[in-house]
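# Notes for the structure review
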Amino acid sequence: MVSLADYAGREQAYVKHVLLESYLERLVHKVASRYDHVAYVDGFAGPWLSANERFEDTSFGIALSALRRAKATWKQNGRDVRMSAFLVERDKTAYGRLAQVPERYPDVMIKTHCADFLDVAPTILGEIPSSAFAFFLIDPKGWRVPLKLLAPLLARSNSEVVFNFMFDFINRAANINEPKVVAGLDELIPFGKWRAALAGGDRNGGLSPEERNEILVSAFSDSLRQIGNYGYVAETAVLRPTRDRPLYSLLYCTRRKEGIEVFRDCQIAALEEQSRTRAAVKIGHAETTTGQGEIFHSLHEMGPDDLQKYLQYEHDEATRRILELTPAQPGSILYEQLWPQILARSVVRRVDVNRIVARLRKENKLRIPDWEKRRQVPQDSYRLQRA
Ligand SMILES: C[S@@+](CC[C@H](N)C(=O)[O-])C[C@H]1O[C@@H](n2cnc3c(N)ncnc32)[C@H](O)[C@@H]1O
């Protein structure tokens, strides 16, 4: 289990790992019911500032535990699922620790590489049978990752990806005119008119940090979507522990609508954990820097909760999008086509979308002719029409 005690001074990694742990646990268990082989690939594995001897505070440690648990559970049910992991680390010292990992997990086939991930990605890809389900974690410390070089990996079928987009570095690099930096960023974000949007904003009086974030993250999401042919790409912004500024964004890519459904559940739980952690870290920070811990504590408790405001905004946006995407009668859309589109664009859970649709029906804003008596929630086969 991921524990906050292992993350002093790097609470942002705690949030990333809470999300990975809860998502991988559910993903691996689920896909192992259909696939005989599940592969985890960690392209930039570390260990990076790991404080825990059993690597419970690293991405690969979290993933290996999820693979192990799912394998054991399915074995009890008479199903033998092959689990494998490919872990890559370029730094020799970090690799020295990574090389100790395979012996701890004899139940998982683990291959480690001391190499540049971009060089060994084709070999790894060749070793994963096409019938296996693969999950790729791409978590570089920087941004020198030419996305098109990863195209065969991103476009692999039966796969999902989490890519850590290092927004803070990338945002600063986007202001640098050195040819090497310009070329590097163009390779990372090959699609979208993001440079023109940034320059246009600067000419018109400057962009807010939020606007720059929106431009860069959506261009990168579109690049991932296009290169990997993903139906759904969802962002989770991870904030600086003591300041309300995005540090990086985790981009989750899937082609399965069940994937986006589970991911949103895990994401909202991780955001709630982030909110709690940041409050605790801010209080600790204020106590050490001002010595007025108690005053700060009560001020914080009285202040508006940013997360609740954000989730309310996403909820309102989801409501607006449901009405926008539902054709006016006599046209219609099947609910199974609508809800994944809403989850792909808004940070809401499937249960929230169900409730919004039921409410819009009661308010006569939506017509659902197939609605059966005693049903509380819309069913996939229902047709929806805007009244
Ligand atoms: C952010 S850390 C990884 C953290 C890890 N994913 C986790 O969450 O526990 C990035 C790691 O990638 C390594 N690295 C950087 N560039 C690399 C490359 N081109 N290929 C492989 N590893 C690289 C760094 O040495 C560092 O250990």
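Residues numbered from 1 in each chain as written. Predicted model: local features only at pLDDT ≥ 70, side-chain atom pairs only at ≥ 80, totals over all residues. Heavy atoms only, no water.

Of all hydrophobic cores here, the largest spans 119 residues; its most connected members are Tyr40, Phe163, Phe165 and Leu188. Residue contributions to this core reach at least three from each of two domains, namely domain 1 (4–285) and domain 2 (306–386). Those residues in contact with Phe163 that sit more than four places away from it in its chain are Ile138, Pro140, Val145, Leu147, Leu188, Phe220, Leu224, Ser249, Leu250 and Leu251. (Core = buried A, V, L, I, M, F, W, Y, C linked by side-chain atoms within 4.5 Å. Buried < 20%, exposed > 50% of the residue type's maximum accessible area, 1.4 Å probe, protein only. Domains from an automatic or database assignment. Contact = heavy atoms within 4.5 Å.)

Turning our eyes to something else, we now look at the site of the ligand. The environment of the ligand is made up of 17 residues, and the closest members are His17, Ser59, Glu89, Phe117 and Asp139. Interatomic distance of 2.6 Å between a side-chain N/O atom of Glu89 and an oxygen atom of the ligand. For the ligand, a nitrogen atom lies 2.9 Å from a polar atom in the backbone of Phe117. Contact with the protein chains hides 91% of the accessible area of the ligand, taken as 610 Å² for the molecule alone. In the shell around the ligand, the residues fall into five nonpolar, five polar and seven charged. (Near = heavy atom within 4 Å. Polar contact = N/O pair within 3.5 Å; in protein donor to acceptor, adjacent residues only side chain to side chain. Areas by Shrake-Rupley, 256 points an atom, 1.4 Å probe, with all protein chains shown as cover. Nonpolar A, V, L, I, M, F, W, Y, C, P; charged D, E, K, R; others polar.)

Before going further, it helps to examine the packing of helix α12 (residues 306–325) against helix α13 (residues 335–345). Two elements in contact, α12 and α13, have axes separated by 10 Å at closest approach and are oriented at 140 degrees. Note on packing geometry: the crossing formed by α12 with α13 is right-handed. Within the contact between the two elements, α12 uses Glu314, Ala318, Arg321, Ile322 and Leu325 and α13 uses Leu338, Gln341, Ile342 and Arg345. (Axes fitted to C-alpha atoms, helices over the stretch in contact; angles between N-to-C directions. Helix = DSSP H or I, 4+ residues; strand = E, 2+ residues; numbered from the N terminus. Left-handed = near helix turned anticlockwise from the far one by under 90°.)

This part is about the environment of Trp371. Its location among the elements puts Trp371 in the loop between β9 (366–367) and β10 (383–386). Sequence separation between Trp371 and Ala358 is 13 residues, and the spatial gap between their C-alpha atoms is 9.9 Å. Apart from residues lying up to four places away in sequence, Trp371 is in contact with Ala358, Arg361, Gln376, Val377, Pro378 and Tyr382. Separated by 3.1 Å, the side chain of Trp371 and the backbone oxygen of Arg375 make a polar contact.

Examined at the domain level, the chain breaks down into domain 1 (4–285) and domain 2 (306–386). The largest share of the area that domain 1 buries against domain 2 comes from Lys257, Arg264 and Ile268, three residues that together contribute 43% of it. Linking domain 1 with domain 2 are one salt bridge. A salt bridge links Arg350 to Glu261; the shortest N-O distance between them is 3.4 Å. Summed over the shared surface of domain 1 and domain 2, the result is four residue pairs in polar contact (both at pLDDT 80 or more). The set of elements that each furnish at least two residues to the side of domain 1 that touches domain 2 consists of β6 (232–239) and α10 (257–290). Tallied by class, the residues present in the side of domain 1 that touches domain 2 amount to five nonpolar, two polar and six charged. (Buried area = accessible area lost by both parts, 1.4 Å probe. Salt bridge = Lys/Arg side-chain N within 4 Å of Asp/Glu carboxyl O.)

On to helix α14 (residues 350–362). Here α14 is 13 residues long and its end C-alpha atoms lie 19 Å apart, about the 18 Å a rise of 1.5 Å per residue gives. Residues Arg350, Asp352, Val353, Asn354, Ile356, Val357, Ala358 and Leu360 constitute the buried set of α14. The first or second residue beyond α14 is Asn364, which carries a positive phi of 60 degrees. (Expected span 1.5 Å × (residues − 1).)

Spatially, the three strands line up as an open sheet ordered β8-β10-β9, and their pairing is antiparallel. Each end of this open sheet is capped by a strand with a single partner; those strands are β8 (333–334) and β9. (Pairing = 2+ DSSP bridges.)

We now examine the side chain of Ser50. Structurally, the position occupied by Ser50 is in the loop between β1 (37–42) and α2 (59–76). Only 3.4 Å separates the side chain of Ser50 from the backbone oxygen of Asn52, close enough to count as a polar contact.

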